[in-house]
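# Secondary and tertiary structure notes
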Amino acid sequence: MPVLTNIGCLATCRDEGWQGDIHVIDDAALAWEDEHILWVGKESDLPYRYSHFEKLNARRKLVIPGLIDCHTHLAFGGWREKEFEQRIIGKSYLEIAQSGGGILSTVAQTRRASGEELIIRCHGILAGMAALGITTIECKSGYGLNLKDEVKQLQVYRKLHNEQALDLVPTLLAAHTVPPEFASAKEDYLKLLCEELIPAVGEKKLAEFCDVFVEKSAFNIEEARKVLNAGNKAGLGAKLHADQLSDSNGAGLAAEMGAVSADHLECISQEGIQHLRDAGVIAVALPLASLFTFQKPLDARRLVREGVPVAVATDFNPGSAPSYHLPLAMTLACVQNRLTPKEVLKGATLYAAKAVGRNSDRGSLEAGKLADFAIIDSPEPDHWLYHFRANACLLTVKRGKVIHEQK
């Protein structure tokens with residue numbers, strides 16, 4: 001039963017208030033037992049019953065809730081570094097996809113990879129994430145695009161969840177794009193999705209959410225609605241890739257379907273913002289994707305002004321966001337998406353937890369919640385995200401156990 005003492009600044013990130021309200025406690029302490037937090041507050045107010053617990057010294061550093069990456073494409077085969085150069089010289093995301101690159105090139109490589117190969121690769125990535133202070137991640141399928149390989153990806157996530165410390169939240173993204181074997185038979189692929197693939201995943205309980213890419217190069221509103229209705233019937237919550245490359249009214253569909261989140265939103269309309277606000281949908285900013293695709297970033301300031309909660313995630317994938325460095329995405333969310341550091345911290349903790357349906361037990365530092373937290377080598381959040389470093393995380397604790405310590 002340890003107590004973390006000598007905390008210079010503790011950001012609790014509770015739900016009360018607005019996006020920038022992170023409810024800081026200076027000169028703080030935090031007590032926990034097994035997996036759960038017992039007490040948080042001023043060290044001078046530490047109850048006597050905790051005073052004899054084992055003491056850990058935070059050395060006057062910043063303590064934050066464990067970071068949550070609420071949008072990743074964790075398991076995939078190969079990389080797509082050639083597309084990096086193509087984008088630099090002026091080719092668009094759609095042009096690359098139409099020439100045989102993009103998602104379908106990763107689909108081919110992922111189909112060739114065995115489940116064990118994907119697991120080995122993901123273990124290394126997850127260890128890197130833990131070292132950054134990340135304690136929970138959402139992980140999408142979407143690089144199989146058939147029953148066998150979508151199930152393979154989701155089974156990889158189930159196995160990884162049980163083999164290492166981070167919590168994985170699996171999402172079915174079989175509606176990522178149309179696979180090559182259905183290139184001229186999109187309706188047949190939709191039928192496969194809605195009548196076979198989605199029900200099978202729901203029956204096996206391999207995913208918690210059903211996601212769909214709403215875009216000209218993927219699925220339109222009517223098609224996406226069919227997919228999400230099939231997901232709902234199979235017991236899967238709704239998430240959307242929405243309004244990334246054009247205003248496709250993805251935000252409106254997210255609101256209509258009661259989605260837990262709408263992600264990307266670079267091209268969201270004012271009407272779309274209002275739909276998200278009225279329906280209580282979490283918006284997810286993905287600044288790494290904007291950076292790597294040379295796209296105008298989401299103006300998250302507009303959403304915050306309208307009362308839409310904005311989470312921040314990496315969109316880690318081999319094409320448009322080939323980095324799992326969530327603190328980098330957080331700094332970019334400041335300079336590209338125009339969120340303040342405090343707003344970004346709440347976006348990568350409590351609001352990210354909401355975007356994966358996990359805010360009841362994580363995302364903030366409060367009694368009763370999981371003892372998921374990180375010690376950051378910085379005096380407070382503004383300085384941490386302003387002074388970007390390769391890794392400022394000194395210690396990561398997941399469910400009460402140290403899973404990373406910087407030597």
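Here, the structure is the one placed above.
Residues numbered from 1 in each chain as written. Predicted model: local features only at pLDDT ≥ 70, side-chain atom pairs only at ≥ 80, totals over all residues. Heavy atoms only, no water.

### Comments concerning unusual backbone geometry
What counts is decided by this rule: Numbering of helices and strands runs from the N terminus, with a helix taken as a DSSP run of H or I at least four residues long and a strand as a DSSP run of E at least two residues long. Whether a residue is buried, partly exposed or exposed follows from its accessible area with a 1.4 Å probe, protein chains only, as a fraction of its type maximum: under 20%, in between, or over 50%, in that order.
Phi at Leu145 takes a positive value of approximately 55°, unusual for a residue other than glycine. Here Leu145 lies in the loop between strand 7 (134-140) and helix 5 (147-163). On the basis of relative accessibility, which here comes to 0%, the residue Leu145 falls in the buried class. The backbone of Leu265 sits at a positive phi, close to 70°, despite the residue not being glycine. Assignment of secondary structure puts Leu265 in the loop between strand 11 (261-264) and helix 9 (270-279). Residue classification places Leu265 among the buried positions, given a relative accessible area of 0%.

### Here we look at the pattern of salt bridges
The line we're drawing: By definition, a salt bridge exists where a carboxyl oxygen of Asp or Glu is found within 4 Å of a side-chain nitrogen of Lys or Arg.
Scanning the model with the defined rule gives 30 salt bridges in all. Linking Lys369 and Glu366 is a salt bridge whose minimum nitrogen-to-oxygen distance equals 3.8 Å. Among the ionic pairs, Arg389 bridges to Asp377, the shortest N-O distance being 3.1 Å. Remark: Asp377 occurs in the loop between strand 14 (373-376) and helix 15 (381-386) and Arg389 occurs in the loop between helix 15 and strand 15 (393-398); sequence separation between them is twelve residues. For Asp377, a relative accessible area of 24% translates into the label partly exposed. Three or more residues joined by partner-sharing salt bridges are found here, namely Glu35, Asp167, Asp361, Arg362, Asp372, Lys398 and Arg399.

### Considering the layout of surface pockets
This is how it is decided: Buried and open spaces are told apart on a 1 Å grid over the protein atoms alone, a cavity being a set of points where a 1.4 Å probe fits but cannot get out and a pocket being an open set with protein on both sides within 12 Å along at least five of seven lines. Residues with an atom within 4 Å of a point are the lining residues. Grid points are joined across faces, edges and corners, and a volume is the space filled by probe spheres set on the points. The classification used treats Ala, Val, Leu, Ile, Met, Phe, Trp, Tyr, Cys and Pro as nonpolar, Asp, Glu, Lys and Arg as charged, and all other residues, Gly among them, as polar.
By volume, the largest pocket amounts to about 330 Å³. As for the largest pocket, its lining consists of 17 residues, and the residues nearest its centre are Ala97, Leu104, Thr177, Val178 and Ser217. When contributions to the lining of the largest pocket are tallied by element, the ones reaching two or more residues are helix 2 (93-98) and helix 3 (103-112). With four residues, the single largest contributor to the lining of the largest pocket is helix 2. Classifying every residue of the lining of the largest pocket gives eleven nonpolar, four polar and two charged. Considered as a void within the structure, the second largest pocket measures approximately 190 Å³ in volume. Taken together, Leu4, Leu56, Asn57, Ala58, Arg59, Ile375, Leu394, Leu395, Val402, Glu405 and Gln406 form the lining of the second largest pocket. Looking at the lining of the second largest pocket, the elements that each hand over two or more residues are strand 4 (54-57), strand 15 and strand 16 (401-405). Each residue belonging to the lining of the second largest pocket can be placed in one class, and the counts come to seven nonpolar, two polar and two charged.

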